Amino acid sequence: MAICAPATPLRPVYAERVTALASAEFPDLSLTFHDQCFAHDGHFAGSDAVRLAALLECANDPAFDAVWFAKGGYGSNRIAADFIAQVDGQAATKGFLGYSDCGTLLGALYRAGIGQPVHAPMPVDIKRSGGEDAVRRTLAYMLGSDEGLEPDMGGTPAAAFNLYTLAMLVGTKSMPNLAGHEVLIEEIGEYHYAIDRLMFHVTQHLHGIAGIRLGEVSAIPENDRPFGSDVEDIVRDWCDRSGIAYLGRAQIGHSAANRIVPFGLEAGRTRD
């Protein structure tokens with residue numbers, strides 16, 4: 001697995017902890033952290049050019065079977081279009097794993113039919129309480145385990161996104177066609193009214209989907225007045241207004257409990 005940071009930098013101590021865990025418990029996996037993971041350029045893990053070059057290097061190198069995004073944070077959208085335009089055939093069989101801001105890249109890859117995009121815990125999750133289990137979930141998945149998959153996925157294709165990331169993705173050239181898909185969403189750090197606003201926007205663009213499932217919504221700030229509805233009520237309301245089926249809860253989110261959702265039909269079938 002090649003590991004790069006398309007958005008913001010990873011602290012070296014987290015890379016060291018993930019490497020130690022993988023070496024001790026998953027000796028059949030080889031992890032390579034690209035030096036770019038630790039670069040700094042203002043907010044970002046290197047300039048757009050540096051981040052793009054590292055992502056292309058990892059994706060186009062035949063020595064790697066998968067590309068694991070080190071962490072989220074804003075920035076992957078700035079290089080997504082150039083990445084899709086320049087990636088070569090070596091990426092076609094690779095898994096691309098991550099979530100949060102990197103959902104932009106997962107969506108762009110899915111739209112282009114390149115590799116297997118997978119919503120999955122990232123190396124940065126090692127810092128969370130219980131984060132070792134989140135990292136184990138992704139490493140085990142790479143060795144063929146289904147135990148970390150989001151439960152209750154049937155024969156319907158699926159895709160999973162951070163809600164804010166999805167709201168920025170819809171209407172762009174990186175947005176995949178999700179008709180017939182179960183769309184799983186999660187969020188962190190947004191006010192109730194902001195979640196309501198995001199749902200207003202997103203539901204106008206998700207025509208023909210099989211439905212929405214709501215994951216974890218955490219660290220909601222306290223507003224100066226109560227909104228009057230909880231998060232599940234907000235999501236149900238906008239699904240009702242938009243004629244979209246509300247399919248219940250999902251086990252994804254910005255926590256160590258985050259489960260794995262391969263984009264497409266693979267989420268609903270046993271891996272070989």
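Rules behind the numbers
Residues numbered from 1 in each chain as written. Predicted model: local features only at pLDDT ≥ 70, side-chain atom pairs only at ≥ 80, totals over all residues. Heavy atoms only, no water. Helix = DSSP H or I, 4+ residues; strand = E, 2+ residues; numbered from the N terminus. Buried < 20%, exposed > 50% of the residue type's maximum accessible area, 1.4 Å probe, protein only. Contact = heavy atoms within 4.5 Å. Domains from an automatic or database assignment. Buried area = accessible area lost by both parts, 1.4 Å probe. Pairing = 2+ DSSP bridges. Axes fitted to C-alpha atoms, helices over the stretch in contact; angles between N-to-C directions. Arc of directions from axis to C-beta.

Asker: Is there a simple way to think about the environment of Ile126 in this case?
Answerer: One can find Ile126 in the loop between β5 (116-119) and α5 (131-142). Ile126 sits in the buried class, given a relative accessible area of 1%. Taking the C-alpha atoms as reference, Ile126 lies 19 Å from Leu143; in sequence the two are 17 residues apart. Not counting residues within four places of it along the chain, the set of residues in contact with Ile126 comprises Tyr14, Arg17, Val18, Leu21, Gly131, Glu132 and Val135.

Asker: Looking at this model, I keep getting lost on the domain arrangement of the protein. Mind explaining?
Answerer: Frequently, the measure chosen for interface size is the accessible area removed from exposure when the parts meet. The domains assigned to the protein are domain 1 (2-148) and domain 2 (158-249). With 11 residues of domain 1 in contact, the opposing surface of domain 2 contributes 13 residues. Of the roughly 920 Å² buried at the junction of domain 1 and domain 2 (both faces included), carbon and sulfur atoms supply 60%. For domain 1, the biggest contributors to the area lost against domain 2 are Tyr110, Arg111 and His119; these three give 49% of the whole.

Asker: Got a minute to help me understand the sheet that holds strand β6 (residues 158-162) in this structure?
Answerer: Taken together, the 4 strands give an open sheet; going across it, the order is β6-β7-β8-β9, and neighbouring strands pair in parallel fashion. A single partner strand is all that each edge strand has here, and the edge strands are β6 and β9 (246-249). Shown here is a sheet whose adjacent strand axes are inclined to one another by a mean of 20°, direction ignored. Here strand β7 (residues 182-188) runs beside strand β8 (residues 211-218); their pairing, made up of 6 bridges, is parallel.

Asker: Can you help me understand helix α3 (residues 77-86) in this one?
Answerer: What sets the pattern is the α-helix's 3.6 residues per turn: residues three or four places apart point alike. All of the buried residues in α3 are Ile79, Ala80 and Phe83. Projection of α3 onto a plane perpendicular to its axis shows the buried side chains occupying an angular sector of 125°, all on one side. Residues Ala81 and Ala85 are exposed on α3 and point more than 90 degrees away from its buried face. Summarising the contacts, the buried residues of α3 are in contact with α2 (48-60), β4 (95-98) and α4 (103-112).

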